[in-house]
Amino acid sequence: MATSAGGSRAVTGAPSSLRLPGIVLGVGLGGFVDGILLHQLLQWHHMLSSTNHDRIGVKYYNPNTVSGLEMNTLWDGIFHAVCWIAVLTGLAILYSRVTHDRRTVWASRVLWGWILAGWGLFNLVEGLVDHQALGIHHVHGGPYQAWWDAGFLVLGALLLIGGYLLQRSGRLLDPTGARGSARPAGPTR
């Protein structure tokens, strides 16, 4: 840390980055949005709803039958459990790194930018792995499923880019509470 002529200390780097907890929170929250909106409310797909056309040979569980819906709901629940663990992990990492002025950190563009970036990362990975590589489900099956899948990937890219830009526009904070540590955003997070 350097001391200016006025005696306040400036942060030369991010002593505790918000990047990791923000991204992990974003992955979990993005998964919850996907699961709640697309799996449950709109019922466009479930975890195994396209395994009759998948690329890995998973048994097909028709979501339009009771037994098929039961198996798809089980896998949706496993998916939600993983999202829940991601959110808890992100919160634990954030809590361990933020020891001072937590309200400021929760209101910071840096944290929310990384959360949006994490959501975008979730969309990109889930879209590329589950929709494209494995083919176990699609955003919205049917004649236009390729367009829905592409839109999901575009949304993921926009969230990732937008989140990155948002965190860059924020002020880098020292969440451990060093005096005079707030400064305009710099290259490290």
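Before reading further, recall that the structure is shown in the block above.
Residues numbered from 1 in each chain as written. Predicted model: local features only at pLDDT ≥ 70, side-chain atom pairs only at ≥ 80, totals over all residues. Heavy atoms only, no water.

Trainee: I'd like to hear about a nonpolar patch on the surface, residue by residue, with values.
Mentor: Taken together, the side chains of Trp84, Ile85, Leu88, Leu91, Trp106 and Trp112 make up a nonpolar region of the molecular surface, amounting to roughly 600 Å² of accessible area. With four residues, helix α2 (residues 66-97) is the largest single contributor of residues to the nonpolar patch. Considering the arrangement of structural elements, one finds Leu91 in helix α2. Judged by its relative accessible area of 33%, Leu91 falls in the partly exposed class. (Patch = residues over 30% accessible without salt bridge, like charges linked within 9 Å, V, L, I, M, F, W, Y side chains within 5 Å. Areas by Shrake-Rupley, 256 points an atom, 1.4 Å probe, with all protein chains shown as cover. Salt bridge = Lys/Arg side-chain N within 4 Å of Asp/Glu carboxyl O. Helix = DSSP H or I, 4+ residues; strand = E, 2+ residues; numbered from the N terminus. Buried < 20%, exposed > 50% of the residue type's maximum accessible area, 1.4 Å probe, protein only.)

Trainee: Kindly report on the nonpolar core, identifying the contributing residues and their values.
Mentor: Within the largest apolar cluster, 11 residues are counted, these being Leu18, Leu25, Val87, Leu94, Val98, Val105, Val110, Leu111, Trp114, Ile115 and Ala117. Contributing elements (two or more residues each) for this core: α2 and α4 (109-134). In terms of residue count, the dominant contributor to this core is α4 (five residues). (Core = buried A, V, L, I, M, F, W, Y, C linked by side-chain atoms within 4.5 Å.)

Trainee: If you had to explain the environment of Gly118 to someone new, which residues and values would you point to?
Mentor: Position of Gly118 relative to the elements: it lies in helix α4. For Gly118, a relative accessible area of 0% translates into the label buried. In this structure, the C-alpha to C-alpha distance between Gly118 and Leu20, residues 98 residues apart in sequence, is 9.1 Å.

Trainee: Which residues make up the environment of Arg55, and what values do they have?
Mentor: Relative to the helices and strands, Arg55 resides in the loop between α1 (19-41) and α2. Separated by 80 residues in sequence, Arg55 and Gly135 place their C-alpha atoms 5.8 Å apart.

Trainee: Report on the packing of α1 against α2, specifying residues and quantitative values.
Mentor: The geometry of α1 relative to α2 is characterised by a closest axis approach of 8 Å and an angle of 155 degrees between their N-to-C directions. Overall, the two elements α1 and α2 adopt an arrangement that is roughly antiparallel. Crossing geometry of α1 relative to α2 is assigned as left-handed. Taken together, the residues that form the contact of α1 with α2 break down as 15 nonpolar, eight polar and three charged. (Axes fitted to C-alpha atoms, helices over the stretch in contact; angles between N-to-C directions. Parallel < 35°, antiparallel > 145°, perpendicular 65-115°, else oblique. Left-handed = near helix turned anticlockwise from the far one by under 90°. Nonpolar A, V, L, I, M, F, W, Y, C, P; charged D, E, K, R; others polar.)

Trainee: Describe in detail the packing of α1 against α4, supporting the description with residues and values.
Mentor: Look at α1 against α4: their axes get within 6 Å of each other, and the N-to-C directions meet at 55 degrees. With respect to their mutual orientation, α1 and α4 come out oblique. Remark: the crossing between α1 and α4 carries right-handed chirality. Residues Arg19, Gly22, Ile23, Leu25, Gly26, Val27, Leu29, Gly30, Gly31, Val33 and Asp34 of α1 pack against Leu111, Trp114, Ile115, Gly118, Trp119, Leu121, Phe122 and Glu126 of α4. When its residues are assigned to classes, the contact of α1 with α4 shows 11 nonpolar, five polar and three charged. (Contact = heavy atoms within 4.5 Å.)

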